Amino acid sequence: MTRIALFIGMCLLVSPLYLSAQSPNAARLEVVTKTIKREYPSAGKITIKGEKANIDVQGWDQPTIQVQVRLIAKHQQRAVAEKELDYLRFFGERKGSREVYLHNYFAVPKNLKSVESIFLTEYIVRVPHQIHIRIDNYVGNSKISAVDGTLQIDLKYGDLELQNVAGTGTVQLNLGDMRGSNVNGDFVLISHHASLSLQNLEGTLKVEGANSKLEVRPENESFALQVKGRNMDVTVYTGPEPENYDYQLATTLGSIEYPNRATVHNNQLGINNQRSGRLMDIQVAIGNIIIR
């Protein structure tokens, strides 16, 4: 089953809060919004718990944490959207001196069996460049840019984008795509039914997962990669000098491609180039490995 098919199947199981009205005139929707703005003193950690939310976290040169949240309801009848927008809530607080906590959620009356509107929450959060970021997001996209710290990201049914990010962290991605550019540090990615495309990488990247696709473009030979996957295709673009790295490659029910037509025995390839480069250790069950 394809990732798209799985996503559609899961969407059919979620709460009526996530289901849009079926109508031939669905394109002509009335949109009602509520904007909330907050500012908090600097903290070492920010936690965002999103539900059907798009989250954009941006590093900036200020000592404060600035938050803008838009609560959005859409319906063909404006009166319905205005009424049901009240079911969409936001909560934010500063926990002591160390953490800012943000959370959007649904507060539907108990006697109401379903709602008619389409809901969405949008976050724009500006944080000091050095900070610990934790995001748990269910059904929605997330973006993090211009930060240097620790990341703890858990996404279900949404995409992730990283730009100009440094530090350490763990990313768990289930049914979504990930794009990354200028990522420097030690990161762990755990992916299920995901497509991962990362470029201009430095540091160490460990990838575990299944039913996924990984494309990596290192910045230089200071990068090291470790992959353990099942039903996963892996492509590494090393540039004109693949010998800057050492390789331990193995696959079952797949193929290995390496420049200069290196000899592959029993779907395994080990190359020690005796340079200062680091290791590309890629082990997949059911999948192809391509070094270019």
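Caption draft 1: Expanded view of the overall build of the chain. For the chain, the helix and strand inventory stands at two helices and 16 strands. Classification of the 292 residues of the chain by burial places 43% in the buried group. If you take every contact in the chain between residues at least 6 apart in sequence, the share linking residues at least 24 apart comes to 52%. A total of about 14800 Å² of accessible surface is found on the chain, and carbon and sulfur atoms cover 46% of it. Of the charged side chains in the chain, 32 are positive and 30 negative, and the gap between their average positions amounts to 7 Å.

Caption draft 2: View of the packing of aromatic side chains. The tally for this structure, following the rule as stated, stands at five aromatic pairs. Consider the rings of Tyr-138 and Tyr-157, whose centres lie 5.4 Å apart with planes at 75 degrees: the pair is edge-to-face. Pair noted here: Tyr-138 is in strand β8 (residues 132-138) and Tyr-157 is in the loop between β9 (142-156) and β10 (160-218), with a separation of 19 residues, a long-range link. Exposure remark for Tyr-138: the relative accessible area of 27% places this residue in the partly exposed category. Taking relative accessible area as the criterion, Tyr-157 reaches 14% and is therefore assigned buried. The ring of Tyr-101 has Lys-95 lying over it, and the distance from NZ or CZ to the ring centre is 4.4 Å. Positioned above the aromatic ring of Tyr-237, the side-chain terminus of Arg-217 is 3.8 Å from the ring centre.

Caption draft 3: Spatial organisation of unusual backbone geometry. At Asn-211, a residue that is not glycine, the phi angle is positive and equals roughly 55 degrees. Mapped onto the fold, Asn-211 is located in strand β10. Non-glycine residue Asn-231 carries a positive phi angle of around 55 degrees. Summarising the element assignment, Asn-231 is placed in strand β11 (residues 224-236).

Caption draft 4: Region of interest: the nonpolar core. One finds Ile-46, Ile-65, Leu-102, Val-125, Ile-144, Leu-205 and Ile-282 to be the most contacted residues of the largest nonpolar core, which totals 70 residues. Discounting residues that sit within four places of it in the chain, Ile-65 has contacts with Arg-38, Glu-39, Tyr-40, Pro-41, Ala-43, Ile-46, Val-100, Val-125, Arg-126, Val-127, Pro-128 and Ile-131.

Caption draft 5: View of the pairing of strand β7 (residues 118-128). Pairing analysis gives eight bridges linking strand β3 (residues 53-60) to β7, with the strands arranged parallel. What sits directly across from Ile-55, in β7, is Tyr-123.

Caption draft 6: The arrangement of the environment of Phe-223 in detail. Mapped onto the secondary structure, Phe-223 falls in the loop between β10 and β11. For the pair Phe-223 and Asn-200, spaced 23 residues apart in sequence, the C-alpha separation works out to 9.6 Å. With sequence-adjacent residues up to four places away left out, Phe-223 is seen in contact with Leu-201, Glu-202, Gly-203, Leu-205, Val-216, Pro-218, Tyr-245, Arg-278 and Met-280.

Basis of the calculations
- Residues numbered from 1 in each chain as written.
- Predicted model: local features only at pLDDT ≥ 70, side-chain atom pairs only at ≥ 80, totals over all residues.
- Heavy atoms only, no water.
- Helix = DSSP H or I, 4+ residues; strand = E, 2+ residues; numbered from the N terminus.
- Buried < 20%, exposed > 50% of the residue type's maximum accessible area, 1.4 Å probe, protein only.
- Contact = heavy atoms within 4.5 Å.
- Areas by Shrake-Rupley, 256 points an atom, 1.4 Å probe, with all protein chains shown as cover.
- Lys, Arg positive; Asp, Glu negative; His and termini not counted.
- Charge placed at Lys NZ, Arg CZ, Asp CG, Glu CD.
- Phe/Tyr/Trp six-rings, centres within 6.5 Å; stacked < 30°, edge-to-face > 60°.
- Lys NZ or Arg CZ within 6 Å of the ring centre and 35° of its normal.
- Core = buried A, V, L, I, M, F, W, Y, C linked by side-chain atoms within 4.5 Å.
- Pairing = 2+ DSSP bridges.

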